[in-house]
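# Residue-level structural notes
The residues making up each chain are set out below.
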Amino acid sequence: MHLLLRGGPTAADAPGPRTGGLPLAPAGFGWPHCRECESSLLFIAHLPLDHGTAAVFLCDFDPGLCSGWAADDGANRAYLFPPGTPLLPAPAPTSDESDAPTLLPATALHPASHPDDRPEAGRVGGTPGWLQDPEIPSCPGCASPMEFAAQLENDDTGINFGDDGRGYLFTCRPCTRAAFLWQC
């Protein structure tokens, strides 16, 4: 397990672990939309993992209206791009679009080894610090339980998982899929 310690501001398209900025994605990537309200999703995290790079999005159009807490309801989206995939900054929806999300400021995350299992801390790997009952999603490709990849915390840049909430990223290595949910 590596704790995710917040660093300072970083470039919007920095290739390292970060919250905010622009997602790095393959050429031709289209900005995702909420299946419930159809608004553009808010990009919240870029996480290089040993089995690919994850990009995490969340509906923030009217917080609490769309069910972003569920991994498969469509109010959030997570992508896992295989290692070696060329990644470019994805073009954000333009500010003249009525549903264009505000881009969060890019903040570096520094993975640091730590011997303690601190459930309240953001992390890569280890076990999730569940706030409620465990909700391990099944892969939409193979139906197997997905593997816990990372935990994110609310922060002062605009990531909001409800009062003292946490976000949970899961991946399926064989299918190169990712899922995201949050609890508070």
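Structure shown above.
Now for a description of the structure that goes with this document. Quantities reported herein were computed from a predicted structural model and do not represent experimental measurements.

## Thoughts on the sheet that holds strand β8 (residues 107-113)
Spatial strand order, β6-β5-β4-β2-β8-β1-β9-β10-β11-β12: ten strands in an open sheet with antiparallel pairing. What marks the edges here is a single partner per strand, and that holds for β6 (76-81) and β12 (177-183). Here strand β9 (residues 123-124) pairs with strand β10 (residues 147-153) via two bridges, running antiparallel. In the sheet register, Arg-123 faces β10, and the bridge partner there is Gln-151.

## Considering the pattern of salt bridges
Within the structure shown, the criterion is met by three salt bridges. Taking the shortest distance from any N to any O, the salt bridge between Arg-173 and Glu-147 comes out at 2.8 Å. Placement of the pair is Arg-173 in the loop between β11 (166-172) and β12 and Glu-147 in strand β10, with a sequence separation of 26 residues. A relative accessible area of 34% means that Glu-147 is categorised as partly exposed. Among the ionic pairs, Arg-166 bridges to Glu-153, the shortest N-O distance being 3.7 Å. You can see Arg-166 sitting in strand β11 and its partner Glu-153 sitting in strand β10, a full 13 residues away along the chain. Residues participating in the shared-partner salt-bridge network are Asp-50, Glu-147 and Arg-173.

The rules we used
- Along each chain, residues carry numbers from 1 onward, in the same order as the chain's sequence is written.
- Under the rules for a predicted model, residues below a pLDDT of 70 receive no local features and side-chain atom pairs below 80 are neither given nor counted, while totals for whole chains, interfaces and linings still include all residues.
- Side-chain metrics in this entry use all non-hydrogen atoms of the structure; hydrogen atoms and water are not considered.
- Whether two strands pair comes down to DSSP finding at least two bridges between them.
- Strands are runs of DSSP state E lasting at least two residues, helices are runs of H or I lasting at least four, and both sets are numbered from the N terminus onward.
- A pairing counts as a salt bridge when a side-chain nitrogen of Lys or Arg comes within 4 Å of a carboxyl oxygen of Asp or Glu.
- Buried means the residue's accessible area, taken with a 1.4 Å probe over protein chains only, is under 20% of the maximum for its type, while exposed means over 50%, and partly exposed covers the values in between.

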